[in-house]
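# Remarks on the overall topology
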Amino acid sequence: MPSLHETTPGGAAGTRRRVSARVAAVAPSATLAVDAKAKALRAAGEDVIGFGAGEPDFPTPAHIVEAAIEACRVPGNHHYTATGGLPELKEAVAAKTRRDSGYDISPSQVLVTNGAKQAVYEAFATLCDPGDEVLVPAPYWTTYPEAIALAGGVPVDVPTTEDTGFHLTVEALEAARTDATKIVLFVSPNNPTGAVSPPADVAAIGHWAAEHDLWVVTDEIYEHLVYGGRTFASIPVAVPELADRCVVINGVAKTYAMTGWRVGWMIAPSDVTEAAANLQSHATSNVSNVSQRAAVAALTGGLEAAMAMRDVFDRRRVLIHRMLNDCEGVTCVEPEGAFYAFPSVRGLLGRRIAGKLVQSSGEVAQVAIDEAKVAVVSGEAFGAPGYFRMSYALGDDDIAEGVSRLHKLFATAE
């Protein structure tokens with residue numbers, strides 16, 4: 001099988017790439033790769049516990065499923081619909097946004113996408129010209145820098161640290177800003193760290209962005225998953241003058257346990273929404289109508305099921321945080337939101353685990369899957385060598401068993 005970079009005869013220089021340089025440069029999703037490996041090992045009969053995938057382990061609430069079943073029977077849902085989304089869903093997104101974050105927007109500002117991941121890509125594709133810099137808080141979700149680079153933008157890491165709970169600061173943003181900076185990515189609650197920016201910090205970052213005429217792309221997919229009395233704050237609500245230069249990313253995946261339904265959206269000034277819809281019209285057209293009907297049921301049906309899930313995640317958060325900090329060579333900041341722990345394994349580097357010398361968190365992760373049958377995502381994928389991302393959106397017993405296996409494995413470090 002030829003490699004991505006192999007060339008074939010033809011072209012002015014006598015060779016031509018099999019795969020474009022642009023696409024060949026895209027790294028595979030590390031989170032999906034770990035999840036796929038865990039599932040493959042289970043299928044082969046291995047007793048694997050996977051902390052990789054970021055999806056609730058709950059079924060989609062029954063009333064949402066019933067709405068989808070009914071939608072299947074309606075012939076109108078069997079055909080193409082408007083690229084930008086069903087009018088009923090765009091209305092529901094606008095109403096939900098006013099209800100949950102206090103952001104008053106028009107349905108015309110909403111573009112319904114195939115999951116929030118497509119909204120992330122389309123936001124940067126619509127806003128970035130070649131060379132435009134995007135400030136990306138690190139650690140970051142693996143897709144952000146790839147989407148920015150595919151759009152011709154330049155992702156610029158803005159470091160956050162364990163010492164400050166991975167909270168983003170104006171000072172760090174200002175240190176990274178240049179004349180080429182166009183966009184600030186803002187993510188709270190954060191994937192992968194679980195950090196939740198206090199409302200005062202959200203306002204400070206928003207005012208700083210407005211002062212420097214920067215765009216803000218804010219990912220609010222985990223808005224309802226905050227714990228310990230902390231408060232989610234939406235940046236265009238905290239700083240209203242940002243509204244004309246702000247794109248909000250969201251979706252039903254995390255709040256309603258609907259990761260597989262693939263319904264997300266972006267909210268933006270109408271001209272940006274229209275441009276992104278033009279792009280989508282040539283890429284995927286409309287999102288599945290059945291999924292859109294299910295999303296209407298989710299958004300108009302209340303948050304009771306979501307709050308019940310949040311209570312379970314809160315309990316699991318406390319459990320995994322305590323157990324990880326009991327492991328040899330591991331320290332873990334308390335997660336404040338989302339459903340991820342982000343432990344440091346730097347205390348294990350340069351040591352032997354089960355007789356194997358490990359020099360990176362990637363090597364520690366490999367030993368964990370080989371020796372303990374525990375799948376985690378190493379921090380290199382998130383711009384944070386020396387760390388793991390571990391989802392606690394899995395059963396309490398699996399969390400306890402998985403971390404216990406790591407405890408036993410890391411106790412062999414010498």
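All of the points below concern the structure found in this document.

## As for the overall build of the chain
Along its length, the chain carries 14 helices and 16 strands. Its C-alpha atoms give the chain a radius of gyration of 22 Å, near enough to 22 Å, the size a compact globule of 414 residues would have. By its C-alpha atoms, the chain is 60 × 60 × 45 Å across when sized along the principal axes. Residues classed as buried in the chain amount to 53% of the 414 residues present. Restricting to contacts in the chain with at least 6 residues of sequence separation, those with at least 24 account for 72%.

## Comments concerning the environment of S285
With respect to the helices and strands, the residue S285 is situated in the loop between α10 (270-283) and α11 (289-300). Judged by its relative accessible area of 25%, S285 falls in the partly exposed class. Once the C-alpha coordinates of S285 and G84 are considered, the two residues, 201 residues apart in sequence, prove to be 8.0 Å apart. If we skip the residues at most four places from it in the chain, S285 touches T83 and Q280.

## Re the sheet that holds strand β7 (residues 181-187)
The mixed open sheet is built from 7 strands, whose spatial order is β4-β10-β9-β8-β7-β5-β6. Each having just a single partner strand, β4 (110-113) and β6 (154-159) make up the two edges of the open sheet. Geometrically, the sheet is characterised by an average inter-axis angle of 20 degrees between neighbouring strands, direction not taken into account. Note that strand β5 (residues 133-138) and β6 share 6 bridges and pair parallel. Within β6, the residue paired with V136 across the bridge is D157. Contacts between α10 and the sheet are confined to β4, β8 (215-219), β9 (246-251) and β10 (264-267), with β4 contributing the most and set at about 25 degrees to the helix.

## Topic: a nonpolar patch on the surface
Residues V23, V26, Y121, L150 and L279 make up a contiguous nonpolar surface patch of roughly 340 Å² in combined accessible area. Take Y121: it is sitting in helix α5 (residues 115-127).

## Thoughts on the pairing of β9
Within β9, 6 of the 6 residues are buried, which leaves the element mostly enclosed by the surrounding structure. Neither face of β9 is open: one carries C246, V248 and N250, the other V247, I249 and G251, and all of them are buried. Two elements, β8 and β9, share 4 bridges in a ladder whose sense is parallel. Across the sheet, residue T218 finds its bridge partner in β9, namely V248. The pairing of β9 with β10 spans 4 bridges and is classified as antiparallel. Bridge assignment links N250 to a residue of β10, and that residue is W265.

## A look at unusual backbone geometry
Negative phi values dominate among residues other than glycine, just as trans dominates among peptide bonds. The omega torsion across A138 and P139 is 5 degrees, close enough to zero to call that bond cis. On the secondary structure map, P139 appears in the loop between β5 and α6 (143-150). Here the amide bond leading from N191 into P192 is cis, since omega sits at 25 degrees, within 30 degrees of zero. Residue placement: P192 occurs in the loop between β7 and α8 (199-211). Even without being a glycine, F166 presents a positive backbone phi close to 65 degrees. Residue placement: F166 occurs in the loop between β6 and α7 (170-176).

## Observations concerning the sheet that holds strand β16 (residues 388-391)
Taken together, 3 strands build an open sheet; the order of strands is β11-β16-β15 and the sheet is antiparallel. In this open sheet, the two edge strands, each paired with only one partner strand, are β11 (340-341) and β15 (377-378). Pairing analysis gives 2 bridges linking β11 to β16, with the strands arranged antiparallel. Opposite Y340, over in β16, you have S391 as the bridge partner.

## Examining the environment of G264
Relative to the helices and strands, G264 resides in strand β10. Its relative accessible area of 0% is what places G264 among the buried residues. As a C-alpha pair, G264 and G251 span 13 residues in sequence and 3.7 Å in three-dimensional space. Not counting residues within four places of it along the chain, the set of residues in contact with G264 comprises L111, V112, T113, G115, A116, N250 and G251.

## Let's talk about the packing of helix α3 (residues 62-72) against α11
The geometry of α3 relative to α11 is characterised by a closest axis approach of 8 Å and an angle of 145 degrees between their N-to-C directions. Remark: the crossing between α3 and α11 carries right-handed chirality. Side by side, α3 and α11 meet where H63, I64, A67, A68, A71 and C72 of the first sit next to V290, R293, A294, A297 and A298 of the second. Tallied by class, residues from the contact of α3 with α11 come to 9 nonpolar, 1 polar and 1 charged.

## Topic: the pattern of salt bridges
Counted under the stated rule, the structure contains 20 salt bridges. Note that D100 and R99 form a salt bridge whose closest N and O atoms lie 2.6 Å from each other. The buried category is assigned to D100, whose relative accessible area is 19%. R315 is the salt-bridge partner of D396, the closest N and O atoms lying 2.8 Å from each other. Highlighted residues: D396 in helix α14 (residues 396-410) and R315 in helix α12 (residues 304-325), separated in sequence by 81 residues. We classify R315 as partly exposed; its relative accessible area is 46%.

What counts, and where the lines are drawn
Each chain carries its own residue numbering, running from 1 in the direction its sequence is written. pLDDT decides what is reported in this predicted model: residues at 70 or higher carry local features, side-chain atom pairs at 80 or more are listed and counted, and totals for whole chains, interfaces and linings draw on all residues regardless. In computing side-chain values, all of the structure's heavy atoms are included and hydrogens and water are not. Only DSSP runs of H or I covering at least 4 residues are called helices, and only runs of E covering at least 2 are called strands; the numbering of each starts at the N terminus. To get the radius of gyration, use the C-alpha atoms; to get the globule rule, take the number of residues to the power 0.38 and multiply by 2.2 Å. Categorising residues by exposure relies on relative accessible area from a 1.4 Å probe, with only protein chains included: less than 20% of the type maximum marks a residue as buried, more than 50% marks it as exposed, and the intermediate range marks it as partly exposed. The contact definition used throughout considers only heavy atoms, calling two residues in contact when any of these lie within 4.5 Å. For two strands to be treated as a pair, DSSP must find no fewer than two bridges joining them. To get an axis, fit a line to the C-alpha atoms, keeping to the stretch in contact for a helix; angles then go from 0 to 180 degrees between the N-to-C directions. Residues enter patches when they are more than 30% accessible in relative terms and free of salt bridges; like-charged ones are connected within 9 Å and nonpolar ones (Val, Leu, Ile, Met, Phe, Trp, Tyr) within 5 Å. The protein chains shown are the only cover counted for residues, whose accessible areas, like all others here, come from Shrake-Rupley with a 1.4 Å probe. The term salt bridge refers to a side-chain nitrogen of Lys or Arg lying within 4 Å of a carboxyl oxygen of Asp or Glu. Helix crossings are classified by the rotation of the near helix relative to the far one: an anticlockwise turn of less than a right angle makes the crossing left-handed, while a clockwise turn makes it right-handed. Following the grouping adopted for this structure description, the nonpolar residues are Ala, Val, Leu, Ile, Met, Phe, Trp, Tyr, Cys and Pro, the charged ones are Asp, Glu, Lys and Arg, and the polar ones are all others, Gly among them.

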